[in-house]
Amino acid sequence: MAGIPLYFVDLQDDLDDFGFEDYGPDCDSMRITAFLDIPGQDNLTPLARLEKYAFSDNIFNRQIIARGLLDVFRDFSNNEEDFLTVMEIVVRLSEDAEPTVRTELMEQIPPIAIFLQESRPKFPTAFFEYLMPIVVRYLTDVNNQVRKAGQEALLILLEQDLVAQSDIENKVCPILLDLSAPDSDDEYKVEAVNIICKMASMLSRTTVEHMLLPRFCELCSDGKLFQVRKICAANFGDICNAVGQEATERLLIPKFFELCSDSVWGMRKACAECFMAVSYTTSPEVRRSKLSPLFISLISDTCRWVRQAAFQSLGPFISTFANPSSAGLYIREDGTLSIRPSMQDVNSNTCQPSNNVTSVSSSTLSSSEQPMEIKPESSTEESSAEVNTKLSADNLSKDTQEESSDCCTNPGEDASRLSQGDRVAAGVTEVTTDSGFPGTNSRLQSAEDVFNTFLYWRPPLPDISRDLELLQFKTEKHKDSCSVSCNNCVASSEIKKVLESLQEHMDDPDVQAQVQVLSAALRAAQFDSVGDYETKKVEESSDKIQNKTIADETAVSDATCNKVEENAPSSPASQDSISDQSTTSVLESTDSEEQHRETSVFLKKEQENNPPFEDDKSKLQDIIPQPLLDQYLSMTDPARAQTVDTEIAKHCAYSLPGVALTLGRQNWHCLKDTYETLASDVQWKVRRTLAFSIHELAVILGDQLTAADLVPIFNGFLKDLDEVRIGVLKHLYDFLKLLHVDKRREYLYQLQEFVVTDNSRNWRFRYELAEQLILILELYNPNDVYDYLRHIALTLCSDKVSEVRWISFKLVVAILQKFYANNANALGLNFINELVVRFRHCSKWVGRQAFAFICQAVVEEECMPVDQFVEHLLPSLLSLASDPVPNVRVLLAKALRQTLLEKAYFKSVGNPHLEAAEETILALQSDRDQDVSFFATVKLKQGNMDNTTIEKQN
């Protein structure tokens, strides 16, 4: 301890010797280099003294000079010769051997650069010639602290757009490329990768794509340092955003696949966290066909931390599929949701076919720019029956084809089949209507039609004689379709391989959870695959309907061909029957019975293998890949909290409005059960999250769905904990204005329940209630306001907390304005009389002070006619001049001097009420209390009420 005072004394002596006697921690406003202006015994000029201390043997002196360089430049900027001398001193100081001096110098470079930019006419090239080389050189400094200071300075300069494009391309980028080379030092390489990723968003797209992108792709595959790959994975979304869609899909997506399958779980976790940013940059086709299966692999990863990050990013990733044309909404610049103009709805009404089916453009699924017209209520039983009557007989062999040709329709086909050119969703039937609109595609979405191939079964036609050449042609066509479909079997085979590899570790609970996830994904892929195949076959039949004779012949030929192929191993005689016309009648009966039997077997097997499918039919949609939605809906499963994340339900609730916006209100049935499950979750944090976003969800769903599905949940939140109720209360006006008038009136009585809180000290809850009531006034008529909201306002006016009382006084004024704005003068007069009784004649001085405040606010807001004010409120207001409490008289003086007497009505000559007001002011000017006389005499410049001053007086 003895060394501390000695060191302090020695340090203080050094400060005194070198002119720093006035420098200390308390001299913030003083320039650090003020000692340069103090005449010393050395008789040196300030510039010579600067050079002396800049190259002193004392390290502390050099640090002070480096720290005060900005002040030095300001002092010597008037003389060009002195300015250049200072620049040379800075360059020499940048080569100081002491790292702390170089660090101090580099920290001053950004403010100096900004100063030089402001005075550029004087020194146009000073920064680029002198300071920029220092920044570039410090990127390769041997000291770690100096390098970090140089990197931070470079980022600030780039952010402020102070670095020339030529310097970026010729000086900065080459240095970073050298530092990130494969043979570079590990520490330098990690720092260079970090700075490349951070500066990518600040550079032009051309610079990043041509100079930095190739090296970034190499670093993503760096096999030496996992830290390098982790930095690349964490900043992958920023790089994609910097280079754009074309370069992302051509160069970065393959690297992203490598990082997502990296052996180090930290890389996979980083990829899951930035998945939304990557998806946002890609096209809808790539997002659906490539990124969706990749995300499924991350969400079923063997590492729990990867799965946790993936589930947290699932909702944001789903939101990248959003299409304003299909959702009917768009997000404004201020972040609020708005309903899309109904121009397309008008067009759809004029161009809709007569059978009133849902019209969806096939290109809508893959292009977010294409408008989508959706009418979910158009799927009717009548239209379904009409389609069934128009379907040709080639649907006869559909069931047996799917059972016998596994190579053609692989169950592993997942959402990647739903890219551009493919059809919307499995089980959705497309036909060509005969209503005068050629080429119009009509989609029928019915829960009974989805994946149920038996609905399209038809008995064989009696005449099965066919030309063998036509038969061979259809057989070859069928084989070609098989070969095309087999190209989409990769996803299913990969999932099966992973399932087989996990069988050895079934004792681990995490592995068991992974098996469940993969099994669900495999089932969903099988459903999508079967549905895609059915849709493709029905699509072929729709082309044949235009020519009925050819369609019937082709259908029967196709049915016969597939039937022969299927029964070939078990019944060789059936092949001979094709050429033997004498056995036609016998085979006709046999084939009919056999088809009935095999169809029944196929349906039984499908139900046994996938029993929950019938219950999940309502969860089907065509906006996003079905496996993604299935995984999102599973986030409410209690098992997820055990094996993935204890707060997974909260993440699900947080992203639910985004998912609902993506799916659109026509697919709300997919999320309804999940939302109800979250609304009844045992964790109040989950319910609180929903409460804060229920008003946004109401905008997405519209008034009908809101009244049917959200209002009951909203009512439950009103009776929940205060932590949940505050979420509803903060956006109470936003939610109520979306409801129908009759439904809205039901909440008038329930609003009184907000006055009572679990904790009486929670005054902010009541404050928020008063603020919301000011907005809610416009939603109700004057009678409802008088009968219900008036009581709540008066109750809040007597709150124990002054903040609540002051905002409640504004609420009272707003209610009074509501009455007179709607010509409800009788209600206004009754309310005024109640205010006079409750506040003017209150036994507590706080109430009488509140009356003066209300009167002042009424005059300021001009919420009632002046003649009504002077008749009903002014006499009671002037009577406060004799109040025994000075605080009341102070507010009266401010109300008269600052507000009342400034109105034109009271300035008019001959006004009978002006004399009474002036007499009251004169009496207050001679008041024995100094504050009262001050406010009655002085006319303040600000006309607004100063609540803070009032509270201090209280």
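Residues numbered from 1 in each chain as written. Predicted model: local features only at pLDDT ≥ 70, side-chain atom pairs only at ≥ 80, totals over all residues. Heavy atoms only, no water.

Draft legend 1. Fine view of the overall build of the protein chain. When helices and strands are tallied, the protein chain shows 48 helices and 4 strands. Here the protein chain holds 954 residues, and 51% of them are scored as buried. Sequence-distant contacts, at least 24 apart, represent 72% of the contacts inside the protein chain between residues at least 6 apart. Total accessible area on the protein chain stands at roughly 44400 Å², and carbon and sulfur atoms take up 51% of it. (Helix = DSSP H or I, 4+ residues; strand = E, 2+ residues; numbered from the N terminus. Buried < 20%, exposed > 50% of the residue type's maximum accessible area, 1.4 Å probe, protein only. Contact = heavy atoms within 4.5 Å. Areas by Shrake-Rupley, 256 points an atom, 1.4 Å probe, with all protein chains shown as cover.)

Draft legend 2. Fine view of the packing of helix 11 (residues 205–220) against helix 13 (residues 236–243). Interaxial distance between helix 11 and helix 13 falls to 10 Å at its minimum, and their mutual angle equals 145 degrees. Once helix 11 is placed against helix 13, the crossing between them reads as left-handed. Only Phe236, Ile239, Asn241, Ala242 and Val243 of helix 13 make contact with helix 11, whose side of the interface consists of Arg205, Val208, Glu209, Leu213, Phe216 and Cys220. Here the residues of the contact of helix 11 with helix 13 are counted per class, giving 8 nonpolar, 1 polar and 2 charged. (Axes fitted to C-alpha atoms, helices over the stretch in contact; angles between N-to-C directions. Left-handed = near helix turned anticlockwise from the far one by under 90°. Nonpolar A, V, L, I, M, F, W, Y, C, P; charged D, E, K, R; others polar.)

Draft legend 3. Quick look at the nonpolar core. By size, the foremost hydrophobic cluster in this structure holds 220 residues, and its most contacted members are Phe236, Phe256, Tyr632 and Phe869. When residues of this core are assigned to their parent elements, the largest contribution, 14 residues, is made by helix 33 (residues 684–718). (Core = buried A, V, L, I, M, F, W, Y, C linked by side-chain atoms within 4.5 Å.)

Draft legend 4. How the structure looks around the pattern of salt bridges. Applying the stated criterion to the full structure yields 27 salt bridges. Here the residues in one salt-bridge network are Arg147, Glu187 and Glu191, joined through shared partners. (Salt bridge = Lys/Arg side-chain N within 4 Å of Asp/Glu carboxyl O.)

Draft legend 5. Just the packing of aromatic side chains, in detail. Under the definition given, this model contains 21 aromatic pairs. Here the aromatic rings of Phe275 and Phe317 are separated by 4.9 Å at their centres, their planes lie at 80 degrees, and the arrangement is edge-to-face. You can see Phe275 sitting in helix 16 (residues 275–281) and its partner Phe317 sitting in helix 18 (residues 304–319), a full 42 residues away along the chain. The interplanar angle of 85 degrees and the centroid separation of 6.0 Å between the aromatic rings of Phe819 and Phe831 together place this pair among those described as edge-to-face. Residue Phe819 is found in helix 39 (residues 802–821), and its partner Phe831 is found in helix 40 (residues 825–840); the two are separated by 12 residues along the sequence. Under the relative-accessibility criterion, Phe831 is labelled buried at 0%. Members of the aromatic cluster, joined through ring pairs, are Phe216, Phe236, Phe256, Phe275, Phe295, Phe317 and Phe321. (Phe/Tyr/Trp six-rings, centres within 6.5 Å; stacked < 30°, edge-to-face > 60°.)

Draft legend 6. Representation of the side chain of Thr282. Mapped onto the elements of the fold, Thr282 is located in the loop between helix 16 and helix 17 (284–299). Within the structure, the side chain of Thr282 is placed 2.9 Å from the backbone oxygen of Ser279, a separation counted as a polar contact. If we ignore the near neighbours within four places in the chain, the residues touching Thr282 are Gln245, Thr248, Glu249, Ile253, Arg287 and Leu291. (Polar contact = N/O pair within 3.5 Å; in protein donor to acceptor, adjacent residues only side chain to side chain.)

Draft legend 7. Region of interest: unusual backbone geometry. Its identity is not glycine, yet Asp161 carries a phi of approximately 60 degrees, on the positive side. Within the element layout of this structure, Asp161 appears in the loop between helix 8 (144–159) and helix 9 (165–179). Note on Asp161: relative accessible area 64%, which makes it exposed.

Draft legend 8. Molecular detail of the packing of helix 44 (residues 886–899) against helix 47 (residues 930–937). Put simply, helix 44 and helix 47 touch, their axes get as near as 8 Å, and they point 5 degrees apart. Considering their axes alone, helix 44 and helix 47 lie roughly parallel with respect to each other. In this structure, helix 44 contributes Pro886, Arg889, Val890, Ala893, Lys894, Arg897 and Gln898 to the contact, and helix 47 contributes Asp931, Val932, Phe935, Ala936 and Thr937. (Parallel < 35°, antiparallel > 145°, perpendicular 65-115°, else oblique.)

Draft legend 9. Local environment of the confidence of the model for the protein chain. The predicted model of the protein chain averages 74 in pLDDT, with 63% of residues at 70 or higher. For residues 533–614, every residue scores under 50 in pLDDT, and the model assigns this stretch 111 contacts once sequence neighbours within four places are set aside. A low-confidence stretch, residues 940–954 stays under pLDDT 50, and its non-local contacts, those more than four residues away or across chains, total 30 contacts. (pLDDT = per-residue confidence, 0-100.)

Draft legend 10. Seen up close, the side chain of Arg840. With respect to the helices and strands, Arg840 occurs in helix 40. For the buried Arg840, no salt bridge exists, and the shortest N-O distance to an oppositely charged side chain is 5.2 Å, to Asp883. At 3.2 Å, the side chain of Arg840 and the backbone oxygen of Ser876 are in polar contact. If sequence neighbours within four positions are ignored, Arg840 has contacts with Leu835, Arg848, Phe851, Ser876, Ser879 and Leu880. (Lys, Arg positive; Asp, Glu negative; His and termini not counted.)

Draft legend 11. Fine view of helix 40. An ideal rise of 1.5 Å per residue puts 22 Å on 16 residues; helix 40 measures up with 21 Å between its terminal C-alpha atoms. Here helix 40 has its buried residues at Leu827, Gly828, Phe831, Ile832, Leu835, Val836, Phe839 and Arg840. (Expected span 1.5 Å × (residues − 1).)

Draft legend 12. Region of interest: the environment of Gln868. Checked against the element boundaries, Gln868 lands in helix 42 (residues 866–872). Through-space distance from the C-alpha of Gln868 to that of Asn825 is 9.5 Å; in sequence the pair is 43 residues apart. Sequence-distant contacts of Gln868, that is, excluding residues within four places in its chain, are made with Tyr820 and Leu873.

Draft legend 13. Examining helix 34 (residues 722–730) more closely. Burial analysis of helix 34 places 7 of its 9 residues in the buried class, which makes it a mostly covered element. Along helix 34, the residues that are buried comprise Asp722, Val724, Arg725, Ile726, Gly727, Val728 and Leu729.

Draft legend 14. Structural context of the state of the cysteines. The final tally for this structure, using the stated rule, is 0 disulfides. You can see Cys232 has no disulfide; the closest cysteine sulfur is in Cys220, sitting 4.2 Å from it. (Disulfide = S-S within 2.5 Å.)

Draft legend 15. Local environment of the environment of Val741. Mapping Val741 onto the fold places it in helix 36 (residues 741–745). Each C-alpha atom, one on Val741 and one on Tyr780, is 8.5 Å from the other, the two residues being 39 residues apart in sequence.

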